[in-house]
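Here is how the chains run, residue by residue.
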Amino acid sequence: MDHSHDEEQHCIDLVEESVSAESGIVGVELNPETQQLTIDYDPAQTEQADIERVVSVITPTLEQRWETCTMRLGKKPGRACESCALAIERQLAAQQGIQRATASYRGGVLSVTYDTDLLTPDQIAVRVSDMGVPLVADRTAAIVPEPTTATGRAWRWIRTHIEAIFVVITLFGMIGGLIFARQEGASTASAVFYAIAYVTGGYFGLRAGIASLRQRTVDIDLLMIMAAIGAVLVGQPFEGVMLLFLFSLSNVLQDYALDRTRSAISSLMELRPDEALVQRGDRLVTLPIERVNISDRIIVKPGERLPMDGVIVEGEASIDQASITGESIPVRKVEGDTVFAGTINTNGHLTIGVTKLAKDSTLARLIKMVEEAHSEKAKTQRWIDTFEQYYAVGVIVFTALVFFVPWLFLGEAAGAAFYRAMTVMVAASPCALVISTPATVLSAIGNGARRGVLFKGGVHVENAATVKVVTFDKTGTLTEGKPHVTDVLTLNGQDEDELLALAAAVERKSQHPLAEAIVRSAESRNLTIPATDAFLATTGQGVVGTVGGREIAIGNARYFADWHVAGLDSAEKRIADLQDMGKTAVIIAELHDGTDATILGVIAIADVLRPDVARIVQSIKDAGVDRVVMLTGDNARVAKAIAAQAGVDDYYADLMPEDKVRIVNEETEHYGPVAMVGDGVNDAPALATAKVGVAMGAAGTDVAMESADVVLMSDDLSKIPYTIALSRKTRRVLIANLSFALGMIVIMIGAIFFYELPLPLAVLGHEGGTVLVSLNGLRLLGYRYKG
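Keep in mind that this is a model prediction, so the values were computed, not measured.

*Asks:* Please clarify how the packing of aromatic side chains should be interpreted in this entry.
*Replies:* Two numbers describe a pair of aromatic rings. These are the distance of the centres and the angle of the planes. By the definition in use, this model includes 10 aromatic pairs. Ring plane angle 75° and centroid distance 5.0 Å describe the contact between tyrosine 203 and phenylalanine 204, whose orientation is recorded as edge-to-face. The class of tyrosine 203 is partly exposed, set by a relative accessible area of 37%. On the accessibility criterion, phenylalanine 204 (12% relative accessible area) is buried. Ring centres of phenylalanine 403 and phenylalanine 404 lie 4.8 Å apart, and the angle between their planes is 55°; on these two criteria the pair is classed as tilted.

*Asks:* Honestly, the side chain of lysine 333 in this entry has me stumped. Any pointers?
*Replies:* Its place among the elements puts lysine 333 in strand β12 (residues 331–333). An unpaired buried charge is present at lysine 333: no salt bridge exists, and aspartate 337, the closest side chain of opposite charge, is 5.4 Å distant. In this view, lysine 333 contacts Ile312, Glu316, Ala317, Ile319, Gln321, Thr338 and Val339; residues no more than four positions away in its chain are not counted.

*Asks:* Quick question: what am I supposed to make of the sheet that holds strand β16 (residues 453–455) here?
*Replies:* What links the strands of a sheet is backbone hydrogen bonding, and the strands pair in either a parallel or an antiparallel sense. Here seven strands make up an open sheet; going across it, the order is β16-β29-β28-β27-β17-β25-β26 and the pairing mixed. Of all strands in the sheet, those bounded by a partner on one side alone are β16 and β26 (650–652). Averaged over all pairs of adjacent strands, the angle between strand axes in this sheet comes to 20°, irrespective of strand direction. Bridge count for strand β17 (residues 469–473) against strand β27 (residues 674–678) is four bridges, and the pairing is parallel. Residue pairing in the sheet places valine 470 in a bridge with alanine 675 of β27. With respect to the sheet, helix α23 (residues 657–671) is in contact with β17, β25 (627–631), β26 and β27, its orientation differing from that of β25 by roughly 165°.

*Asks:* Mind showing me how you'd approach the pairing of strand β5 (residues 109–115) here?
*Replies:* In summary, the side chains of a regular strand alternate between the two faces of the sheet. Counting buried residues along β5, seven of its seven residues qualify, which places the element largely inside the surrounding structure. With burial as the criterion, each face of β5 is covered, one bearing Val109, Ser111, Thr113 and Asp115 and the other bearing Leu110, Val112 and Tyr114. Inspection of the sheet shows strand β3 (residues 66–73) paired to β5 by seven bridges, in the antiparallel sense. Bridged to arginine 72 within β5 is valine 109. Pairing geometry for strand β4 (residues 98–104) and β5, over six bridges, is antiparallel. Directly across from isoleucine 98, in β5, lies its bridge partner tyrosine 114.

*Asks:* Explain the packing of helix α8 (residues 220–233) against helix α14 (residues 414–428) here, please?
*Replies:* Any two packed helices are characterised by the angle at which their axes cross and by the distance between the axes. Between α8 and α14, the shortest axis-to-axis distance is 9 Å and the interhelical angle comes to 160°. In terms of orientation, α8 lies roughly antiparallel with respect to α14. Crossing of α8 over α14 shows left-handed handedness. Between α8, through Leu223, Met224, Met226, Ala227, Gly230, Ala231 and Leu233, and α14, the contact on the second element is made entirely by Phe418, Met422, Met425 and Val426. Across the contact of α8 with α14, the residue classes break down as 10 nonpolar, one polar and no charged.

*Asks:* Before we go on, may I ask you to explain the packing of α14 against helix α27 (residues 759–778) in this structure?
*Replies:* With their axes 9 Å apart at the nearest point, α14 and α27 run at an angle of 5° to one another. The angle between α14 and α27 places the two elements in the roughly parallel class. For the pair α14 and α27, contact is made by Tyr419, Met422, Thr423 and Val426 and by Leu759, Pro760, Ala762, Val763 and His766, respectively. Of the residues in the contact of α14 with α27, the class split is seven nonpolar, two polar and no charged.

*Asks:* Is there a simple way to think about the confidence of the model for the chain in this case?
*Replies:* Do not read the predicted coordinates in detail wherever pLDDT is low. Confidence in the prediction of the chain, expressed as mean pLDDT, is 81, and 82% of residues score 70 or more. When the elements of the chain are averaged for pLDDT, helix α1 (residues 3–19) gives the smallest value, 52, and β25 the largest, 95. With pLDDT under 50 throughout, residues 1–7 is counted as low confidence; its partners more than four residues away or in other chains account for 10 contacts.

*Asks:* Please explain the sheet that holds strand β9 (residues 297–300) as it appears in this structure.
*Replies:* The strand order across the open sheet built from six strands is β8-β7-β9-β15-β10-β13, with neighbouring strands paired in antiparallel fashion. On the outer flanks of this sheet lie β8 (283–288) and β13 (338–339), each paired with one strand and no other.

*Asks:* Could you clarify how one ought to interpret unusual backbone geometry in this entry?
*Replies:* The phi angle of most residues is negative, glycine excepted, and most peptide bonds adopt the trans form. The phi dihedral of asparagine 526 falls on the positive side, at around 60°, and the residue is not glycine. Mapping asparagine 526 onto the fold places it in the loop between α19 (513–524) and β19 (533–538). Judged by its relative accessible area of 70%, asparagine 526 is exposed. The backbone of alanine 534 sits at a positive phi, close to 50°, despite the residue not being glycine. On the secondary structure map, alanine 534 appears in strand β19.

Scoring rules and cut-offs
- Residues numbered from 1 in each chain as written.
- Predicted model: local features only at pLDDT ≥ 70, side-chain atom pairs only at ≥ 80, totals over all residues.
- Heavy atoms only, no water.
- Phe/Tyr/Trp six-rings, centres within 6.5 Å; stacked < 30°, edge-to-face > 60°.
- Buried < 20%, exposed > 50% of the residue type's maximum accessible area, 1.4 Å probe, protein only.
- Helix = DSSP H or I, 4+ residues; strand = E, 2+ residues; numbered from the N terminus.
- Lys, Arg positive; Asp, Glu negative; His and termini not counted.
- Salt bridge = Lys/Arg side-chain N within 4 Å of Asp/Glu carboxyl O.
- Contact = heavy atoms within 4.5 Å.
- Pairing = 2+ DSSP bridges.
- Axes fitted to C-alpha atoms, helices over the stretch in contact; angles between N-to-C directions.
- Parallel < 35°, antiparallel > 145°, perpendicular 65-115°, else oblique.
- Left-handed = near helix turned anticlockwise from the far one by under 90°.
- Nonpolar A, V, L, I, M, F, W, Y, C, P; charged D, E, K, R; others polar.
- pLDDT = per-residue confidence, 0-100.

In C-alpha cells:
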C-alpha cells in the first residue's frame, strides 16, 4: 500500500481547504520529500501579496503536523550492521504516518519524522520493537540502580563486557589448540580448544550474519564466518580461529572507537542536574526537573549547575556557558538576563524564573540535535552502505570463481584452490572500507559539539568542505546587532560629558533604539543623568525636553527645518562625514524663545562590527574559501563603510529576504557552493537555499536551531573558519582512509595470485587495516584549529 501518496493527498486537502476562500488560486502542488509547496494563481484575479498572506497562514499548519523523535538503538552483535539500518529505514518509511526514517547502528540512533495526527513516539517505538530492533531506554528515564551485592555487580560487569571476554577466551583457545596440535596423540585436545575458540570467536558474528540474512542482506560478518568454516574444511583450523580472533578483537576496538565518537551525547546528558530547588510560597522544595513548570522560581547557589532555562529575577552572577555556547570566559548575568540549563553559576545566589520545560530547554534541544546528527549519514557513508550489499555478493561470487575455475578447468587440487579462495574472501572483504567513513565523520561531529558547533548530520560536514563562498548577513552577524555611540562631537565650547548627559536625560524618556544607545553610553561613563520635564516626541524626527530649566532638542536635520539654528551648516557637514562612515548622527540643540536654537553638538551612533572581524574574514580565506560577501538591508552608503572595515570581497545592499536568496543562487552559479551565515530568523530562506546554512548565536533561538545545517551556539565568529577547517580536515582524512582501504584490498589480492599470500597474513592485513582506519578517523576528536 502506498501510504506516502495518501499522506501527500491529505496535506493537499488541508491546503485546499485553507485556500478555498481565496479567488484566483488555480492549483496546489505539495512535495513531501522536499517539503516544498507550489501554488499556481491567476495574477489578474489576485496579487502576490495575497498569496504570501495565505502561505503564512497555512505553513504553520503543515509544519506542525510533522515532528521528529529520536530513539537510541541497542547494540547488535558483530560489526555495526548498517545494512540492517538501511532495512529499518525502508520498512519504516513504507508505513503510514511516517515521512522519513534515518538509522545508524554506528551512531546508535534512530530518527523518525512522523505525522502527529496519526502517530505518537510510543506507537513508533512499539512498531520498531515489533520489527526485532533493539531499543535502549531514553536517557531521561530513571537510571537502573546499581546492584548491591558482589555477585550482582559481577554479572552486570560480565554482561557489559561479554564480547571482550569472548575475545580473550578465543585467544586462549587458539593458543591451546596450536600447542596441542604440535604434540603427538593430542589431536583431541587440540580439537577441543579449537572448537571452544570457534564458538566464542564466531558466536556474535554468526548472530549478526543470520540477522542480516533475515533482512535479505549480506554483510561482512557472514563473509568472515564463511571464510573461517572454509579454513576448517581445508584442514587449517588455526587460520580459521586466527581469523575469528582478530575479527572479534577488531570489533571490540571498533566499538570502543565509535563509543568515543558518541561521547558528545553522553557528556551533554551529564551536564543537566536531575533535580531543582523550587520556591513554592514560603517553602523551598527539591523536585525532579520534569515536575518543574514554566513560571516556577528556582534557586541556584554558587558552584551549582542551572537545571532549567529561565530569566534571572533576583541576583547576579558570572555564568560559565562553555557547555552551551563554547565561550571560554564566564559571562556576567544580571536581573532580566536569559540563562540556560547545564551552565554553571560560578559565584552568585540566583533566583530564576523558568521559561521552558525540561524537555524544551536549550540543552535538551542540543542533545536531540546531536543524536539526530548521529543518524544522519554522510553521502559517502550512504553510498558505501548501499554499495556494501552488492560488493558482498560480488565477493562471494568472485570467491566461488577463484575456487571452481582452477579446480574444474585448470586441474588444480581442490584443497589448494579452496584455500586460495578463502584467502581471497578475507582479503576482499570491505571491513576497512565500510568503517572508514563513520569513524571519521562521527569524530568530526563530536569534536564540533564539544566546541559549540553542531553539524546536523554527516552530509553537512562533507558539504562544508566544498564551500567556495561565505556570505554573511550584516546585522547581528558581522555586527553586534544593536547600536552604540561611536562619536560625541561638541560645538560652541560644550563639554563632551555634559553634552552626552544632557542628551541621555532627554532620550531616557524615549523608547527608540538610538535613544537607548545614548543612555547606555552615558551610564557606561558613570555620568550623572539629570531629570527631564515636559518631554515631547515627534515621530520619525526627534524629541524635546526640559533639563534643569534648559529646553533641549534632539533629532535629525528635518526636525530643525522650521527653526533658525545657529551652527546648523557646520553640524550638517559633520553629519555628512559621519554618514559616509556608515553612522547615524543626531543633532543636540538648545531652544530659545521663539524659533531660535543653538547647536550644542552631534552624537553619532552605529551598529559596530564585532571584534576582530577583518582578521576572521582573512582566516576564512586562509581556510580555503575563495570569496567572502556581505548581505544587508541597509543602504549602500552604510554597507560600503561596513564592508570596507570588515575586509570582505563584495557587498550587496538594500536587500529584502527574497533578494538574499537570489544573491545566494547567483554566487553559487558563478563561484561554487555557498555557505550562508545569519541569525536564522529573517535569513531563514537564504539559509535554506545555501549549500550550507549556518545559524550563529543560536543558544535559546528555536528558529535558528531548526533552520540551519550547522548551528553555532555562541556569537563567536572565529567558529566559522574553525568549521570550514574541520570539514576540510575531515575530507582529507576520509580520502586517506578510503584510499588506504581500497589499496590494501588491491595489494592483498594481487599478492594472493602472484605471491601466494597465506591466509594468516591476509587476516592480519584485513583486520589491521580496519583498526588503522578507525584510529585514524578517531584522531579528529582531538583536532584543534590553529588559524
